[in-house]
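# An overview of the molecular structure
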Amino acid sequence: MSAFTAAIFATKPRTNDIEHSLNAYALLFEGERPVWEIHIEGKVFQSISSPEDILEEGVMQLNKHCQLSNQAIDLMHSGIHFTLLTWPGVYMPNKDAQIAKWQKEGVIIAERVELVVRKEEEKKLREMKGFVDTLNGLVDSSFKTIEM
């Protein structure tokens, strides 16, 4: 099975409303067929998804398995927060429209897109940041000299 390309986290806010408790999560593995792997209470369930309804089926499978584990999740009234994590270019048709529809219906769902940076790119970015910081330091010291 290939690496996962998306994840959905089902969390519930704690009493301070800042921290969340993880109830369950689903990982999307794409290959010949998209497969959602649902993780809940130490158990793992797999569900093959239709390529055209990947997001909807992922959330519904997550919801279904939470209900089977007596953590009933009514998408709109449970207080459960869903977070969809994807990488750029993930194939998920109608993702934006589905998220907007759920949000309009009162479902608490957010989307985050993560960039994956390879080690070589990270090293180059650090070197560039160091160079920019050095230039900024020189410019700042020049302005201090002029102001005096």
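This section reports on the structure supplied with the text. (Residues numbered from 1 in each chain as written. Predicted model: local features only at pLDDT ≥ 70, side-chain atom pairs only at ≥ 80, totals over all residues. Heavy atoms only, no water.)

## Digging into the nonpolar core
So the rule is basically this: Here, nonpolar core refers to any group of buried Ala, Val, Leu, Ile, Met, Phe, Trp, Tyr and Cys residues whose side-chain atoms link them within 4.5 Å. Under the scheme applied here, a residue whose accessible area is under 20% of the maximum for its type counts as buried, over 50% as exposed, and between as partly exposed, the area being computed with a 1.4 Å probe on protein chains only. Secondary structure elements follow DSSP: runs of H or I of four or more residues count as helices, runs of E of two or more count as strands, with numbering from the N terminus. We call two residues in contact when some of their heavy atoms are within 4.5 Å.
I8, W36, L55, L62, F82 and M92 are the most contacted members of the largest nonpolar core, which totals 22 residues. If you list the elements that add at least two residues to this core, you get β1 (4-13), β2 (20-29), β3 (35-40), α1 (54-68), β5 (81-86) and α2 (95-105). Here this core takes five residues from α1, the largest share from any one element. In this view, I8 contacts A24, Y25, A26, W36, L55, G58, V59, L62, F82, T83 and L84; residues no more than four positions away in its chain are not counted.

## What about the sheet that holds β2?
The strands making up a sheet associate through backbone hydrogen bonding, with each pair oriented either parallel or antiparallel. Put simply, the rule is: DSSP calls a pair of strands paired once it identifies at least 2 bridges connecting them. To define axes, lines are fitted to C-alpha atoms, for helices over the stretch in contact only, and angles between the resulting N-to-C directions are given on a 0 to 180 degree scale.
In space, the six strands of this open sheet follow the order β4-β3-β2-β1-β5-β6, with mixed pairing throughout. Whereas interior strands pair on both sides, the edge strands pair on one side only; in this sheet they are β4 (43-48) and β6 (108-113). On average, adjacent strands in this sheet sit at an angle of 20° to one another, irrespective of strand direction. Pairing analysis gives nine bridges linking β1 to β2, with the strands arranged antiparallel.

## Side note on the packing of aromatic side chains
Under the convention used in this document: Two rings belonging to Phe, Tyr or Trp (six-membered ring only in the last case) form a pair when the distance between their centres is within 6.5 Å. Interplanar angles under 30 degrees mark stacking, angles over 60 mark edge-to-face geometry, and anything in between is tilted.
Counted under the stated rule, the structure contains three aromatic pairs. Ring geometry for F4 and F29: centres 6.3 Å apart, planes at 70°, overall edge-to-face. A residue pair is termed long-range when its members are at least 10 positions apart, and F4 in strand β1 and F29 in strand β2 qualify at 25 residues. Owing to a relative accessible area of 11%, F29 belongs among the buried residues under this scheme. Ring plane angle 75° and centroid distance 5.4 Å describe the contact between F4 and W87, whose orientation is recorded as edge-to-face. Linking F4 in strand β1 with W87 in the loop between β5 and α2, this pair joins segments that are 83 residues apart in sequence. Look at F4 and you get partly exposed, because its relative accessible area is 35%. Aromatic rings pair up to connect F4, F29 and W87 into one cluster.

Read these as layout, nothing more, since geometry by itself doesn't imply function.
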